[in-house]
Amino acid sequence: AMTLMYFWTNSTGWEFTGGDGLGGGGPYNQRVLYDIGEERWIIAAGANPFDATNSVIMVAVSQTDDPTGNWNYYRIAADTNQVTWPDFPVAGFNKNWVAISASMKTESSQYRNCNLYVFDKMSMYAGNSTTGRVFELDWADFTVVPAAMHDSNQEFLYLVHLRAGQPNPRVGVLSGAVGAEQLDLGVAVAQGDVDWELQGPGDDNFAPQLGTTNKIWVNHAQLYNCLYRDGSLWFSHTIFLPTGTVTRSAVQWWQMTTSAEIIQRGRVDDPSGQNFYAMPSLSVNK
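Being a predicted model, the structure only gives us computed values, none of them experimental.

Colleague: So what exactly am I meant to see when it comes to the overall build of the protein here?
Modeller: Within the protein one finds one helix and 20 strands. Expressed as a percentage of its 286 residues, the buried residues of the protein come to 51%. A separation of at least 24 residues holds for 53% of the contacts in the protein among residues at least 6 apart in sequence. With the model as given, the accessible surface of the protein reaches about 12,700 Å², and the carbon-plus-sulfur share is 45%.

In structure tokens, the structure reads:
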């Protein structure tokens, strides 16, 4: 369990203060979501990267549907043991929870595990102090991505994730009562041909750029965001092609059922290898 700290409500944004172990460096990996059912905005980010002592998870929720109005601001120590900091935080929500997931790393950037932080959404919307839960996923190779659940009646919060060496996406689910959540990440695994690789050769500096031999960092096949609409999960990521001998990166997107059945899958790709694509985001309207 963890305590989520409400610190104030105004329209000026986060103010970082020293001395309390939670303030400090600027936010990174900001995620912006809109909760259609409640007509609220949600922003999540990490702060104090590479600093296991002072690293924090930041969450802000708007008080109305107007993002230029007042917000409720929250922050929490990312690791109460002060061993790791949260890299690549991603966010999702349903009717009950706001969920933040991140890859936890040491200050030397050694990967340790994935943390899933789960917060009482309606308590945050009300501007109250609240408590949350954190699930430490020691086996997770990449960040587990909670969906933005655009269904105000859906009790479950679905999550999608990949495992190293197993490039078929997997589906999990968060369920139960607020404060007594249950997490099952083994609900289903997508089946089908796997004709793409999780990463390029060597390190993540892979894509060419004009006028220099220095390569562009394109990361790996980690999933970037997930949306739930009308019974489907939609998500996207970078992939590497062709299998066996990778020569380029491309963007791949999916529509899957909550039981991991593939409805459709598409790509933004240049088979000639002249253009590389990476770091996608995906949005789906009604």
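Colleague: I'm lost on the sheet that holds strand 12 (residues 157–163) in this one. Help?
Modeller: Backbone-to-backbone hydrogen bonds pair the strands of a sheet. The strands run either parallel or antiparallel. As summarised here, the arrangement of the four strands in space is 10-12-13-14, forming an open sheet in which the pairing is antiparallel. Strands with a single pairing partner mark the edges of an open sheet, and in this sheet they are strand 10 (145–146) and strand 14 (180–189). The pairing of strand 13 (residues 166–177) with strand 14 spans seven bridges and is classified as antiparallel. When the bridges of strand 14 are listed, A177 appears paired with A180.

Colleague: How do you make sense of the pattern of salt bridges when you look at a structure like this?
Modeller: Two side chains bearing opposite charge may form a pair once their charged atoms approach each other closely. Summed over the entire model, instances satisfying the criterion amount to seven salt bridges. For R265, the salt bridge is made with D195, and the minimal N-O distance between the two is 3.5 Å. Here R265 is found in strand 20 (residues 262–268), whereas its partner D195 is found in the loop between strand 14 and strand 15 (205–209), with 70 residues between them in sequence. For R265, a relative accessible area of 33% translates into the label partly exposed. Its relative accessible area of 33% is what places D195 among the partly exposed residues.

Colleague: Would you take a moment to explain the nonpolar core for this structure?
Modeller: Burial of nonpolar side chains together is a common tendency in soluble globular proteins. Formed by 40 residues in total, the largest nonpolar core has its most connected members in V160, W196 and L233. Tallying contributions element by element places strand 12 first for this core, with five residues. Among the nonpolar cores identified, the runner-up in size contains 24 residues, and V61, Y117, Y125 and L227 belong to it.

Conventions adopted
- Residues numbered from 1 in each chain as written.
- Predicted model: local features only at pLDDT ≥ 70, side-chain atom pairs only at ≥ 80, totals over all residues.
- Heavy atoms only, no water.
- Helix = DSSP H or I, 4+ residues; strand = E, 2+ residues; numbered from the N terminus.
- Buried < 20%, exposed > 50% of the residue type's maximum accessible area, 1.4 Å probe, protein only.
- Contact = heavy atoms within 4.5 Å.
- Areas by Shrake-Rupley, 256 points an atom, 1.4 Å probe, with all protein chains shown as cover.
- Pairing = 2+ DSSP bridges.
- Salt bridge = Lys/Arg side-chain N within 4 Å of Asp/Glu carboxyl O.
- Core = buried A, V, L, I, M, F, W, Y, C linked by side-chain atoms within 4.5 Å.

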